[in-house]
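A structural walkthrough
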Amino acid sequence: MFNLLFCNDYVTYLYLPHPILMMLLTYIDTPNDKTSVVLTCRHLVLFSWFLLGFCQAKILFAQTPFAHWNKEELVLNNGYAQRTIHLPKGSSSFGTTHYKPVKGDFNYFENTNPEFSFELNHQGYSGLDLWTLVDIQIAKDTRQGNGAMVKLLSADKLVEVSLQYLLYPHLPIIRKNISIKNLSDNTITLESVDVEKLSVTHYYATTYSWICHDYGRRRSIGPYDGNMQDALLTIHNSDWQQGIVVGNEASGILKHTSAFWEERAICSGLTHKDGRYPFRKYLKSGESFVSPQVFTVVYNNQKDPDEILNTIVPTFVTKHLGIRFSELAQKPTFVYNTWEPFNKAIDEKLVKELAKSAADAGMKEFIIDDGWSDNYGDWTIDKTKFPNGLKPLFDYIKSLGMKPGLWVSVGSASTESRVYKEHPEWFVLDEKQQPYNLHWDDSTMVTACFSTGWKDYIKKVLMKMALDYGLEYMKLDFTVVTSPYKFGHKNAGCFAKNHPSHHDREESYYVNYEAVWELFDDLHQAKPDLFIDCTFETMGGLQMIDYAMLKHAEGNWLSNFAGPPQENVDLRVRNMAWWRSPAMPATALVIGNPAMQDEGWEMHIKSLAGALPIMLGDPRKLPAKDFKTYRAYADWLQKMENTYQFMSYRQDLEGFDEPKEGLWDGFQRINTTTRAGGIIGVFRHGSQEIERRVFVKYLKPEKYYKIKEGISGKVIGLMTGTNLAQLGFTIKLLQKYDGRLLEIAEVSNK
């Protein structure tokens, strides 16, 4: 009836809800830390009598603070979200019976749910099938995740499934993944994996719910089948004021989330076999596949789904998801890149001149873009342009007080390169088994396949740059799986039949993404503070960024906005930052290419302050007086980061919507952990209104805060956190296209 574990080195947490059973604790020896109960043999008889006498009492053995289970059900509860899962008894179904916020009503989910689904050799499996419970174990991660791992055996005894559920302190979030083990004697094909699959109650939920897709920013109604841009999706019913946020941690083109698409269900996991870029994995006998994780947020009493994106989601992402940016002790605050207007026309003399001017303007990182090597693939230095090599140049950049960075196409090679001629077997093949350029139509370049020896080769190249040359920022670019610029679905992946790590094109998607992430991890292990900028081209979709990338790279070059009219550049910068945040960390958004010497360049800095401030252009063309102003902005941004760590935060500014022509827009970057302050940006973009009321949230209600102008530091107001949130203050901008940066600073006394 009950299984009790006695072991000197094992701590068992015991939940006994019946008051008489709780009295037993006074007779049981407890360790000094008072956090557990250890049952000893001398109490066994006494305990047995009470168990027999109160066998109807519900006794759950809790292996973690957030998970309790008996033979019938697993209960996940951290005080914010509660999920009850029916466990198979004998051979029966498995799945969630209740999933809701701990407090209040929640109407979305059925009492019977598929829980998960996948296909093995075209045979479908889900939690609704017959399963035998094998085991339940403690599940934890290194970022405060706590929960349970449930192991199941299929009725045909051909597959073992393990489902991990993790909860985190003070957040209504459950994070889940699935492990699928092949118990048959043959190699089998795994496809159409839904890590999370929950049935929705009735037509009212499906008919009247908004589907907030495309990083949670675009709203639609009716059935929705997601794509590569849906790292996060919200389903919100404004009548119920309830909803579900779904975060998908799969890589690039392989993520798939749908709502009410082919059935009345919410599904999230990997792309299906009938999708544009289908996931496929071949499992040998005894081999397991561990899926990416999916996290869900259940909420109620919320009129606006964006509030969840401004609070719960970024807290989880920055503190518990395990993103690389959160690991950086020093966040970048002002970056320069050489690409525009020079493109590949760079040399040692020019780079030194640019570096000196960029340093005088206060830049903190200096990135040498394309044009330094003699060919793609070999990545040897063009000695005509750089006769002294790169290391002396990096040392010079460091002597100016900046971190050196370099652009490399991580998976491309010239057909004239030595590496291609010596190892043609390392490169992607098309459907006709010919070498192929996945990136764009240029027959002089080919794309490497990371399922081959290329991965170890390019790792040595990049390690040398990081460790021997002292490189501190890598911009890693160009297509490795699929291209943002080629639109036929066959212009993707590798069709090679003899590459060691993938059987076919469909399997190459997954294994090549994973190999790139392993490469990034190896680089970080060798140099922990290395900043890796993984571009949207490497990700494989226009302006794409996702949680998979963020766990292995610090930033993502999202775009290339440049040229006149400058106000259009600024609008597009702010629009892109708004669009991808707050689902994605703002400082991971590397938005190029505003130029330093542009007329009205101050608006570039103000707009970029809502993401990662990065500038291009020719700083040598700046008038002498502008260097002083540039330096003032650079020093101010660094001071704000030192004071508030604002680069780890960004929220919407209440009452301001998506940046558009004819409107006002804005952002706030308040440290919601300390609530000591941060910065805000307010912009008038062609609006007829010359002033707007500004409200600042997430501060300490009773504390006073100074409102200061950006680089001047002039105090323009003093208000409590409550008044800033409820009454606000007025900003007046007389020019139709203008903006202002402000500091919000907590004061010790009025």
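What you are looking at is a predicted structure, and each value in this text was computed from that prediction instead of being measured.

1. Focus: the overall build of the protein
- Looking only at helices and strands, the protein features 17 helices and 41 strands.
- When burial is assessed residue by residue, the protein has 61% of its 750 residues classed as buried.
- Taking contacts inside the protein between residues at least 6 apart in sequence as the whole, the part at least 24 apart equals 67%.
- Surface summary for the protein: the accessible area is close to 29500 Å², and the carbon and sulfur share equals 51%.
- Taken as two groups, the 81 positive and 88 negative side-chain charges of the protein have centres that lie 5 Å from each other.

2. Examining the sheet that holds strand β38 (residues 704-709)
- Spatial strand order, β34-β35-β36-β41-β38-β39: 6 strands in an open sheet with antiparallel pairing. Every other strand in the sheet has two partners, leaving β34 (651-652) and β39 (715-720) as the edge strands with one partner each.
- Bridge count for β38 against strand β41 (residues 737-747) is 6 bridges, and the pairing is antiparallel. Within the sheet, the bridge partner assigned to lysine 706 lies in β41 and is alanine 745.
- Helix α14 (residues 566-580) rests against β34, β35 (663-670), β36 (677-685) and β41 of the sheet, and its axis sits at about 130 degrees to β36.
- Against the sheet, helix α15 (residues 601-608) engages β35, β36 and β41, with an angle of about 45 degrees to β41.

3. Considering the sheet that holds strand β25 (residues 365-368)
- Read across the sheet, 6 strands follow the order β30-β29-β26-β25-β24-β33 without closing on themselves; strand pairing throughout is parallel. Looking at the sheet topology across the chains shown, the edges are occupied by β30 (531-534) and β33 (614-615).
- For strand β24 (residues 335-337) and β25, the ladder comprises 3 bridges, and the chain directions are parallel. Considered in β25, the bridge of tyrosine 336 is made with phenylalanine 366.
- Where helix α7 (residues 348-360) meets the sheet, it contacts β24 and β25, and its direction lies at approximately 160 degrees from that of β25.
- Along the sheet face, helix α8 (residues 391-399) touches β25 and β26 (403-409) and points at about 140 degrees away from the line of β26.

4. Brief notes about the environment of glutamine 82
- As for its placement among the helices and strands, glutamine 82 is situated in strand β5 (residues 81-86).
- The spatial distance from the C-alpha of glutamine 82 to the C-alpha of proline 172 is 8.2 Å, given a sequence separation of 90 residues.
- In this view, glutamine 82 contacts Leu76, Asn77, His98, Tyr99, Lys100 and Val102; residues no more than four positions away in its chain are not counted.
- Polar side-chain contacts of glutamine 82 include one of 3.0 Å to the side chain of asparagine 77.

5. With respect to the side chain of lysine 255
- With respect to the element layout, lysine 255 can be found in strand β19 (residues 255-259).
- From its side chain, lysine 255 meets the backbone oxygen of glycine 252 in a polar contact 2.8 Å long.
- In terms of polar contacts, lysine 255 uses its side chain to reach the side chain of aspartate 546, at 2.7 Å.
- The contact partners of lysine 255, leaving out residues within four places of it in the chain, are Asn227, Met228, Asp230, Ala231, Asn248, Ala250, Gly269, Thr271, Met544 and Asp546.

6. Comments concerning the state of the cysteines
- One pass over the structure, following the stated rule, counts 0 disulfides.
- Sulfur of cysteine 494: no disulfide; nearest cysteine sulfur belongs to cysteine 449 and is 4.0 Å away.

7. Here's the deal with the packing of aromatic side chains
- For the structure on display, the rule yields 37 aromatic pairs.
- An angle of 65 degrees between the planes, with centres 5.6 Å apart, marks the rings of phenylalanine 116 and tryptophan 131 as edge-to-face. With phenylalanine 116 in strand β7 (residues 115-120) and tryptophan 131 in strand β9 (residues 131-140), this pair connects stretches of sequence that are 15 residues apart.
- Owing to a relative accessible area of 0%, phenylalanine 116 belongs among the buried residues under this scheme.

8. A word on helix α5 (residues 312-319)
- Ile312, Val313, Pro314, Phe316 and Val317 are the residues of α5 that are buried.
- Those residues of α5 that are buried are in contact with β12 (173-182), β17 (232-237), β18 (242-248), β23 (294-299), α4 (306-310) and α13 (547-550).

9. Quick notes on the nonpolar core
- Phe118, Trp372 and Tyr547 are the most contacted members of the largest nonpolar core, which has 198 residues in total.
- A total of 10 residues in this core trace back to one element, the largest contributor, which is helix α11 (residues 505-526).
- Apart from the residues within four sequence positions on either side, tryptophan 372 is in contact with Ile346, Trp379, Thr380, Ile381, Asp382, Phe386, Leu390, Leu406, Trp407, Val408 and Met465.
- Counting residues in hydrophobic clusters, the runner-up holds 18 residues, among them Tyr705, Leu724, Ile731 and Leu733.

10. Comments concerning the confidence of the model for the protein
- With 91% of its residues at a pLDDT of 70 or more, the protein shows a mean pLDDT of 92.
- When the criterion is pLDDT under 50, residues 1-62 qualifies, and its contacts beyond four places in sequence or with other chains add up to 72 contacts.

11. Overview of the pairing of strand β37 (residues 691-694)
- The two faces of β37 differ: Arg692 and Val694 on one face are buried, but Glu691 and Arg693 on the other face are not.
- Taken together, the 4 bridges between β37 and strand β40 (residues 729-732) define a ladder with antiparallel strand orientation. Bridge pairing links glutamate 691 to lysine 732 in β40.

12. Quick word on the side chain of threonine 535
- Topologically, threonine 535 is positioned in the loop between β30 and α12 (536-539).
- What threonine 535 contacts, discounting residues up to four positions off in sequence, is Lys475, Leu476, Asp477, Phe478, Asn556 and Trp557.

13. What about the environment of aspartate 347?
- Looking at the secondary structure, you find aspartate 347 in the loop between α6 (339-342) and α7.
- Taking relative accessible area as the criterion, aspartate 347 reaches 32% and is therefore assigned partly exposed.
- In this structure, the C-alpha to C-alpha distance between aspartate 347 and valine 446, residues 99 residues apart in sequence, is 26 Å.
- Look past the residues within four positions of aspartate 347 in its chain and what remains in contact with it is Lys385 and Phe386.
- In terms of polar contacts, aspartate 347 uses its side chain to reach the backbone amide nitrogen of lysine 349, at 3.3 Å.

14. Topic: the pattern of salt bridges
- Following the criterion strictly, the structure yields 46 salt bridges and no others.
- Among the ionic pairs, lysine 551 bridges to glutamate 249, the shortest N-O distance being 2.7 Å. With a gap of 302 residues between them, lysine 551 in the loop between α13 and β31 (556-560) and glutamate 249 in the loop between β18 and β19 connect regions that are remote in the sequence.
- Judged by relative accessible area, glutamate 249 falls into the buried class, the value being 2%.
- Salt bridges linked by common partners bring Glu191, Arg280, Asp504, Arg505 and Glu506 together as one network.

About the criteria used
Residues numbered from 1 in each chain as written. Predicted model: local features only at pLDDT ≥ 70, side-chain atom pairs only at ≥ 80, totals over all residues. Heavy atoms only, no water. Helix = DSSP H or I, 4+ residues; strand = E, 2+ residues; numbered from the N terminus. Buried < 20%, exposed > 50% of the residue type's maximum accessible area, 1.4 Å probe, protein only. Contact = heavy atoms within 4.5 Å. Areas by Shrake-Rupley, 256 points an atom, 1.4 Å probe, with all protein chains shown as cover. Lys, Arg positive; Asp, Glu negative; His and termini not counted. Charge placed at Lys NZ, Arg CZ, Asp CG, Glu CD. Pairing = 2+ DSSP bridges. Axes fitted to C-alpha atoms, helices over the stretch in contact; angles between N-to-C directions. Polar contact = N/O pair within 3.5 Å; in protein donor to acceptor, adjacent residues only side chain to side chain. Disulfide = S-S within 2.5 Å. Phe/Tyr/Trp six-rings, centres within 6.5 Å; stacked < 30°, edge-to-face > 60°. Core = buried A, V, L, I, M, F, W, Y, C linked by side-chain atoms within 4.5 Å. pLDDT = per-residue confidence, 0-100. Salt bridge = Lys/Arg side-chain N within 4 Å of Asp/Glu carboxyl O.

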